[in-house]
Structure formats: structure tokens, C-alpha cells
Amino acid sequence: MRHTLPIAPQFYVTAPQACPYLDGRMERKLFTALQGDHAQRLNDTLSKQGFRRSQNVLYRPSCAECSACLSARIRVADFQPNRTQKKILRKNMHLRRNATSPWATEDQYQLFRRYLDTRHADGGMADMDIFEFAAMIEETPIRSRVIEYTRPAAEGERGRQLSAVSLTDVFDDGLSMVYSFYDPDLAGDSLGTYLILDHVDIAREAGLPYVYLGYWVPGSRKMGYKARFSALEIYKGGVWQDLGDPEDHTAELHPLSVDPIAEQVARIALPEARGHQE
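These figures come from a predicted structure and were not determined experimentally. (Residues numbered from 1 in each chain as written. Predicted model: local features only at pLDDT ≥ 70, side-chain atom pairs only at ≥ 80, totals over all residues. Heavy atoms only, no water.)

Student: I'd like a description of the overall build of the protein chain, backed by residues and values.
Tutor: Of the regular secondary structure elements, the protein chain holds six helices and 16 strands. Rg of the C-alpha trace for the protein chain: 19 Å, near the compact-globule value of 19 Å for 278 residues, within the 12% margin. Projected onto its principal axes, the C-alpha positions of the protein chain cover 65 × 50 × 40 Å. Per-residue burial over the protein chain gives 45% buried out of 278 residues. When contacts within the protein chain are restricted to residue pairs at least 6 apart in sequence, those whose partners lie at least 24 apart make up 70%. Accessible surface, the protein chain: about 14900 Å² in total, of which carbon and sulfur atoms supply 49%. (Helix = DSSP H or I, 4+ residues; strand = E, 2+ residues; numbered from the N terminus. Rg over C-alpha atoms; globule rule 2.2 N^0.38 Å. Buried < 20%, exposed > 50% of the residue type's maximum accessible area, 1.4 Å probe, protein only. Contact = heavy atoms within 4.5 Å. Areas by Shrake-Rupley, 256 points an atom, 1.4 Å probe, with all protein chains shown as cover.)

Student: I'd like to hear about the pairing of strand S15 (residues 239–242), residue by residue, with values.
Tutor: Relative to S15, strand S14 (residues 232–236) runs antiparallel, the two being bridged by four bridges. Note on S15: the bridge partner recorded for Tyr235 is Trp240. The antiparallel pairing of S14 with S15 creates a hairpin that spans two residues between the two strands, and Gly237 there sits at a positive phi of about 65 degrees. (Pairing = 2+ DSSP bridges.)

Student: Give me the lowdown on the nonpolar core, citing residues and values where you can.
Tutor: Of all hydrophobic cores here, the largest spans 50 residues; its most connected members are Ile74, Phe112, Phe133, Phe181 and Val211. If you tally residues by element for this core, the top one is helix H5 (residues 191–206), at eight residues. Those residues in contact with Phe133 that sit more than four places away from it in its chain are Ala104, Thr105, Gln108, Tyr109, Phe112, Met128 and Phe181. Core analysis: the second largest hydrophobic core is formed by ten residues, Leu30, Leu46, Leu58 and Ile142 among them. (Core = buried A, V, L, I, M, F, W, Y, C linked by side-chain atoms within 4.5 Å.)

Student: Help me get a handle on a positive patch on the surface, residues and values and all.
Tutor: There is a patch of like positive charges on the surface, built from Arg83, Lys86, Lys87 and Arg90. Inspection of the secondary structure puts Arg90 in helix H2 (residues 83–91). Classification of Arg90 by relative accessible area gives exposed; the value is 52%. (Patch = residues over 30% accessible without salt bridge, like charges linked within 9 Å, V, L, I, M, F, W, Y side chains within 5 Å. Salt bridge = Lys/Arg side-chain N within 4 Å of Asp/Glu carboxyl O. Lys, Arg positive; Asp, Glu negative; His and termini not counted. Charge placed at Lys NZ, Arg CZ, Asp CG, Glu CD.)

Student: So, the packing of aromatic side chains: which residues are in play, and what are the values?
Tutor: In this structure the tally under the stated criterion is 18 aromatic pairs. With 4.9 Å between their ring centres and 40 degrees between their planes, Phe112 and Phe133 make a pair best called tilted. Here Phe133 lies in helix H4 (residues 130–138) and Phe112 lies in helix H3 (residues 106–119), a separation of 21 residues in the sequence. For the pair Phe112 and Phe133, one class covers both residues: buried. What links up through ring pairs into an aromatic cluster is the set Tyr109, Phe112, Tyr115, Phe133, Tyr179, Phe181 and Tyr182. (Phe/Tyr/Trp six-rings, centres within 6.5 Å; stacked < 30°, edge-to-face > 60°.)

Student: Describe in detail the packing of H3 against H4, supporting the description with residues and values.
Tutor: Taken N-terminus to C-terminus, the directions of H3 and H4 make an angle of 105 degrees; their axes are 10 Å apart at the nearest point. Taken as axis vectors, H3 and H4 run roughly perpendicular relative to one another. Within the contact between the two elements, H3 uses Glu106, Gln108, Tyr109 and Phe112 and H4 uses Ile130, Phe133 and Met136. Here the residues of the contact of H3 with H4 sort into five nonpolar, one polar and one charged. (Axes fitted to C-alpha atoms, helices over the stretch in contact; angles between N-to-C directions. Parallel < 35°, antiparallel > 145°, perpendicular 65-115°, else oblique. Nonpolar A, V, L, I, M, F, W, Y, C, P; charged D, E, K, R; others polar.)

Student: How would you sum up the pattern of salt bridges? Please name residues and give values.
Tutor: With the rule as written, the count across this model stands at 17 salt bridges. Across the salt bridge formed by Arg97 and Asp198, the nearest N and O atoms sit 2.9 Å from each other. With a gap of 101 residues between them, Arg97 in strand S9 (residues 96–100) and Asp198 in helix H5 connect regions that are remote in the sequence. Its salt-bridge partner being Asp185, residue Arg114 comes within 2.7 Å of it at the nearest N-O pair.

Student: Before we move on, can you summarise the state of the cysteines with the specific residues and values?
Tutor: Applying the stated criterion across every chain, the model contains zero disulfides. Cysteine Cys19 shares no disulfide, and the gap to the nearest cysteine sulfur, in Cys69, comes to 5.8 Å. Classification of Cys19 as buried rests on a relative accessible area of 18%. (Disulfide = S-S within 2.5 Å.)

Student: Can you explain unusual backbone geometry? Please cite residues and give values.
Tutor: Even without glycine at this site, Gln55 takes up a positive phi of about 55 degrees. When you line up the elements, Gln55 lands in the loop between strand S6 (52–54) and strand S7 (57–61). In this structure, Ala231 takes a positive phi of about 55 degrees despite not being glycine. In this structure, Ala231 sits in the loop between strand S13 (210–216) and S14.

Student: I'd love a proper account of the side chain of Gln85, names of residues and values included.
Tutor: Its location among the elements puts Gln85 in helix H2. Among the polar contacts listed, one links the side chain of Gln85 to the backbone oxygen of Arg228, at a separation of 3.3 Å. The residues contacting Gln85, other than those within four sequence positions of it, are Phe79, Gln80, Thr193, Leu197, Arg228 and Phe229. (Polar contact = N/O pair within 3.5 Å; in protein donor to acceptor, adjacent residues only side chain to side chain.)

Geometric values such as these leave the question of function open.
Put into C-alpha cells, the structure is as follows:
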């Protein structure tokens, strides 16, 4: 007889801490370890339910009275760049893409530090040293890639110069942009938007239906740019749905907006382990 059992990870909840997206709120996360032989399947399955990877952990927001954070993904087949996005694509045609294994380099770290110091000097990663950076890039139990973007050398430079980097996971149904950063001196080139547009192209070429962008948060200026992409879906109420009008989604607090942790865990669909014969 063949028995098929679900993979049964343990879930935990973090202590509340200051929310990085909405002022005056507290953040709490539901998380589980991502390790072992079933890591890829667990990641694929939970990512479809609003989870996100950070090194060898999968998490999703589970705040006490707030459900503002909504996992977002682009439906590749239906995506059409708008006028501004077409200009961004043309402006960055000189960039060369190179996908590599998840291995950290000194050049990547130097670019990462410049990016943080210029744009996120007071963020949670501001004190990250080169060893922590290497762990972020390299500690991945699943199929991941580092995608580098280089530009031609300017006067006085030698060789192509690193302009942007994306740590990208490969799912069974798409690409997930885990973390990306770029040269702050090139902020006028809209490289953050360009990286997303290029990932849509990569996914299309690979026959993958989605590009996962992490969380969209109504009311957060930091996350507002994601709503500018067409064919955007959000995970809300346990299902993926079209974003529609961003103004239809609010970040209001309500004591009943989040189900108890036990109920949340009970509703998580888990991948099945391999069957065995008896």
C-alpha cells in the first residue's frame, strides 16, 4: 500500500517589533525553517500562499490587528509596460545581464553598501557587514540565482561596471525577487523598475507565469511603486486576485482583521512527502 503524508514543518511567531512600512504600527511574522530534502517543494507551495524567503526561513506577516501587507505578483502573460516603463527599458538597453550561482563577491558588497548608505541608511540592514551579506546571498537551500547587470566602462574606468544586482529565487511557477540593489549614482535611470521589467522578460523566456515582488502595502510610499505594474495580483483573503484600483485597499487597523495564529496555521496547505510502499 502506498501512503502519502504531508510535509509537516513547525511554525513559530516572532515577537512584535516596529513596522518598517507604516509608522506607529507593530510587526509580527509567522515563520518556519526552510531546510532538508523538501525545501524546494515547501518553498514553492508556501510562496503561493503569501510566504516570502529570507535565507533559510519562510515567513509572512501575521500582525495582531493589521493585515495591510499583501503578497504581490505580476501575471507575465498579461503584462504590458506603460509609456514610462517603455522609456525605462530603452534607457537601459546598454546594460548587460549575467545570471550566476548564489555566490557573494566584493564588488557586490561594495555596491550594496553604497546603495544602503544612500537610500536606506536607517533601515534594518544598515549595519550589515560583508559576512552577513554573504550569508544573505549564499544561504539558500533552494534554486536561486544572482543576476548582475553591468554597464560599459566610462572614461577612466576599466572593464564593465556593476550597476545592479538581484538575488532571485526560481519557483515551479515563477521568479521571486528576494532582494535587489543598484548604483545610487544611477537613480535617474530607474534601475529598480528596470530590474522588475527585465525579470518579466526572463520569466517569459523561461515559460514561467509569474514574477513575485514581495509585499505591496497600501498607505506605504516605500511600497507604492509596485501598484504601477499592470497585471498585478495580490494574495488577499486566502486567494490570488487582481489588484484592481489600489484605492480600494486600505491599511486600517481592526481587531478582527487577522485570524488567530492556530487558525492561520491550520489553513496552510502543505506539499505531500514522497509515498512509501508497505
